[in-house]
Amino acid sequence: MDLSYTDEEEEFRAGLRDWLAAELPRLPDRPDPLDWPGRRAYDCGWQRRLYDAGYGHVHWDASPTQRLIFLEETERAGAPYVGANFVGLLHAGPTIAAEGTPAQRARWLEPVLRGDEVWCQGFSEPDAGSDLASLRTRAVRDGDAYVVTGQKIWTSHAEVADWCELLVRTDTEGPRHRGISWLALPMDAPGVSVRPLRTLAGSTEFAELFLDEVRVPVDNRVGDENDGWRVTMVTLSFERGTAFVGEVVACRRLLGELARAARENGRWDDPALRRRLGGLAAAFQALWRLTQRNVSEAQATGGVPGAGGSVFKLHYSHARQELYDTAAEVLGPDALDLGREWNLDRLSSLSYTIAAGTSQIQRNIVAERILGLPKGR
Amino acid sequence: MDFRLSRDQTDLRRGVRELLAGRFGREALRAAVDGGGGLDRGLWKELGEAGFFALRLPEDEGGVGLGLPEAVLVFEEAGRALLPGPLVATHVAAGAVPGAAEGTAVVTEVSPEGLLPWRDAADVVRGDAAGAVPVRSVDPLTPLHRVPGAGGAAESVTVLLTAAEQVGTAAWCTDAAVAYARQREQFGQVIGGFQAVKHLCAGMLVRTELARAAVWAAAVTGDAVETAGAKLLADEAAVANARDCLQVHGGMGFTWEADVHLHLKRAWVRAALVLPAGRAAEEVAAAL
């Protein structure tokens, strides 16, 4: 039960703080959220700065504790997050690093770290959401290529991505988990088309991806043919690990802002609101401690976080939605004005209990993998 | 940073769990309930000899020389076992009240909320208990008095160790619900296979883990606001888990024979005794 950091970790933190203080004032203005090429350039520019300063690798090679410190400090300093590099840095990259051949690692990892290439994720399909293993996008072997036909959905950053980590069905016989393969799809290949989807917040954060007899070289397959499900699980466990560190820091900062605003506009006098804020502050403090515990576990067991991430995500996603509902209480009638801060975030937060595994799926994971209850519906 | 239990801490937790299972297992618990809830002086003395009360006293004062992180582990086990008596008050009095550390004296105290547990069994009552009136306690294993005009704030250590006991109840309820859901069959299968039931169980684990992380961290930092937040989460985990555990047990959960009501009632007592939810939330909010 030790919450203190080693000298080496404190040194890492101090060096990062100094670098952020010098670097952040030199960043260009943030692009308009609807300007996709502008967002890509901004996010990749930030990643390049990290790379040049020796921090480009931090999501992969650094120890879990260093990663925690990195995410904590960058969020505190108001630095950009991974943005368009989310899939490259946190899904596809780690998967290739863990499962790829030396040639594949040499081809794809460095451009992600340098901010040269952007990846998107082609997992979900219109009929394969929570039940991902039922996916039907078909890949048929033709010489040294797969011919891929099908449709993907919820593909973030598809408009500006160079590559897509694509799950395809390579075998229609036998158990469905065993007939899936993981391919790196070049987004400029003939037969790929992208249709942006508008979210309820009005923005186009993700897209539908249509694949019409797209030829993908067999060399672009990571892992064995029909072994893509296992390869994918490696990726998903990354997503449920330390990926929310920055968000917890941001939520704790937001709580401070809400208290300040409520004291200014008089709503602080309402004990129900005060106690709600107090309850949320306790919850986010505990979520931070839970993160430290999960990171300690990951550090001790070799780096890949397990089902403990589901415990965290379940509470976090609901608490964050409640946080924005409480922000709306602080704002009163101004909660209906999308020009005011927090209100667009409130809309975006509605996805947190759905994205990266719905709360219902997370509860199944916790019940079956941690509590040992039988599988079933 | 390594926010896991050390080997010594793991051993301590296991040792306390085994001690309590042997000395205050289910039969002893039910015997205590059926016997009208008196305090077992022999057990109290044994707890003293095991270092339960002197845990945090320095070794040169006859204590065990451990800290709050170890204390929360021990009190979580006490909460899990539903160990009766003014455990926290006597532990806090060790070193200040003669006999407390050794388990030869039973020490209780008037809580700021005007509640006084175990008055008649105690050798020493701390605080002003004038005008104390007995009440029909909801918890068969915690006799209570109401004390008029009490006030002030509970000590942070008292709040934290009470929260640790709540985590023990939250964890017991999770285990009991899961065990029952794995063996109770309806519609031709164990009910733990139904999502409606397994999602209740998953929620119980989430509450327990969150509260436990908060209690451990507050034990390490000793911070008063973090302690208040931990109490808030631990109260919620204990009470909500006891209710969900009762629900998973169905009709059996509503019987006197099932143990779950004992946990729910004790959880209510611990929640109300020191820093109840409203005060805890206010204390955390004030620091924002």
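Residues numbered from 1 in each chain as written. Chains lettered and ligands numbered in written order. Predicted model: local features only at pLDDT ≥ 70, side-chain atom pairs only at ≥ 80, totals over all residues. Heavy atoms only, no water.

1. Some points on the layout of surface pockets
As a reminder, the rule being used: Here a cavity denotes a set of grid points, spaced 1 Å apart and computed over the protein atoms alone, in which a 1.4 Å probe fits but from which it cannot get out, and a pocket denotes an open set meeting protein on both sides within 12 Å along at least five of seven lines; residues with an atom within 4 Å of a point are reported as lining. Grid points are joined across faces, edges and corners, and a volume is the space filled by probe spheres set on the points. Put simply, DSSP H or I for four residues or longer makes a helix, DSSP E for two residues or longer makes a strand, and each gets a number counted from the N terminus. Polar here means any residue other than Ala, Val, Leu, Ile, Met, Phe, Trp, Tyr, Cys and Pro, which are nonpolar, and Asp, Glu, Lys and Arg, which are charged; Gly is therefore polar.
Roughly 550 Å³ of volume is contained in the second largest pocket. Taken together, the elements giving at least two residues each to the lining of the second largest pocket come down to α8 (271–301) and α9 (308–331) of chain A together with α7 (195–221) and α8 (224–248) of chain B. Across the lining of the second largest pocket, the residue classes break down as 11 nonpolar, 5 polar and 7 charged.

2. Examining the sheet that holds strand β5 (residues 144–146) of chain B
Residues and elements named next belong to chain B. Selection criterion: A pair of strands counts as paired when DSSP detects no fewer than two bridges linking them. In this description, a line fitted to the C-alpha atoms serves as the axis of each element, helices being fitted only across the stretch in contact, and the angle between N-to-C directions of two axes falls anywhere from 0 to 180 degrees.
Strand order in the open sheet formed by 3 strands is β2-β5-β4, and the pairing between neighbours is antiparallel. The sheet terminates laterally at β2 (115–117) and β4 (133–135), the two strands that pair on one side only. With direction set aside, neighbouring strand axes in the sheet form an average angle of 35 degrees. In the sheet, β2 pairs with β5 via 3 bridges, with the strands oriented antiparallel. For Pro-117, the partnering residue across the bridge sits in β5 and is Leu-144.

3. Description of the UniProt feature "domain: Acyl-CoA dehydrogenase/oxidase N-terminal" (unreviewed entry) in chain A
Selection criterion: UniProt positions are given in the numbering used here, feature names are shortened, and annotations may be inferred rather than shown by experiment.
Per the UniProt entry, the sites bearing "domain: Acyl-CoA dehydrogenase/oxidase N-terminal" (unreviewed entry) are residues 6–116 of chain A in this numbering. Within the segment residues 6–116 of chain A, helix and strand shares are 66% and 0% respectively, and the terminal C-alpha atoms sit 34 Å apart.

4. Here we look at the side chain of Glu-117 of chain A
All names here are of chain A. Under the convention used in this document: The cut-offs for exposure are 20% and 50% of the maximum accessible area for each residue type, with area from a 1.4 Å probe on protein chains only; residues under the lower value are buried, those over the upper are exposed, and the others partly exposed. What qualifies as a polar contact is a pair of N or O atoms within 3.5 Å, subject to a donor-acceptor requirement within protein and to the restriction that residues adjacent in sequence count only when both atoms come from side chains.
Structurally, Glu-117 can be placed in the loop between α5 (102–113) and β1 (119–122). What makes Glu-117 buried here is its relative accessible area of 16%. At a separation of 3.1 Å, a polar atom in the side chain of Glu-117 contacts the side chain of Arg-107. A distance of 3.0 Å separates the side chain of Glu-117 from the side chain of Trp-163, its partner in a polar contact.

5. Observations concerning the interface of chain B and chain A
Convention followed: The contact rule is simple, with two residues in contact once any of their heavy atoms fall within 4.5 Å. Take the accessible area each of two parts loses on contact, using a 1.4 Å probe, and add the two losses: that sum is the buried area. Just to be clear on terms, a salt bridge is a Lys or Arg side-chain nitrogen sitting within 4 Å of an Asp or Glu carboxyl oxygen.
Taken together, the 45 residues of chain B in the interface contact 51 residues of chain A. Regarding the contact of chain B and chain A, the summed buried area is about 4000 Å², with carbon and sulfur atoms giving 69% of it. When the shortest N-O distance is used, the salt bridge between Arg-289 of chain A and Glu-226 of chain B registers 2.6 Å. Put simply, chain B and chain A have 16 residue pairs in polar contact (both at pLDDT 80 or more) between them. Those elements giving two or more residues to the side of chain B that touches chain A turn out to be α4 (68–81), α6 (156–183), α7, α8 and α10 (277–286) of chain B. The element that contributes the greatest number of residues to the side of chain B that touches chain A is α7 of chain B, accounting for 16 residues. By residue class, the composition of the side of chain B that touches chain A is 27 nonpolar, 10 polar and 8 charged.

6. Notes on the UniProt feature "domain: Acyl-CoA dehydrogenase/oxidase C-terminal" (unreviewed entry) in chain B
Residues given the UniProt feature "domain: Acyl-CoA dehydrogenase/oxidase C-terminal" (unreviewed entry) here are residues 161–267 of chain B. Secondary structure over residues 161–267 of chain B splits into 78% helix and 4% strand, and the C-alpha atoms at its two ends are 13 Å apart.

7. Notes on α4 of chain B
Residue and element names in this part refer to chain B. Our working rule: Multiplying 1.5 Å by the residue count of a helix minus one yields the expected span of that helix.
In this model, α4 (14 residues) spans 20 Å end to end at C-alpha, consistent with the 20 Å of a helix rising 1.5 Å per residue. With 14 of 14 residues buried, α4 is to be regarded as a mostly interior element. With its phi angle positive at about 60 degrees, Leu-82 sits one or two positions after the end of α4.

8. Considering the pairing of strand β3 (residues 145–156) of chain A
Residue and element names in this part refer to chain A. Pairing of strand β2 (residues 138–142) with β3, which is carried by 5 bridges, proceeds in the antiparallel orientation. Within β3, the position partnered with Val-140 by the bridge is Val-147. Between the antiparallel neighbours β2 and β3 lie 2 residues, among them Gly-143 with a positive phi of about 65 degrees. With 9 bridges joining them, β3 and strand β7 (residues 206–217) adopt antiparallel strand pairing. Its bridge partner being in β7, Thr-155 is matched across the sheet by Ala-207.

9. What about the nonpolar core?
Short version of the rule: Only buried residues count toward a nonpolar core. Its members are Ala, Val, Leu, Ile, Met, Phe, Trp, Tyr and Cys residues joined through side-chain atoms within 4.5 Å.
Counting residues in each nonpolar core, the largest one holds 144 residues, and the members touching the most others are Phe-284 of chain A together with Leu-47, Phe-52, Val-72, Leu-83, Leu-87 and Val-215 of chain B. Looking at this core element by element, the count peaks at 15 residues for α7 of chain B. Ile-96, Leu-109, Val-112 and Trp-182 of chain A belong to the second-largest nonpolar core, a separate cluster that totals 25 residues.

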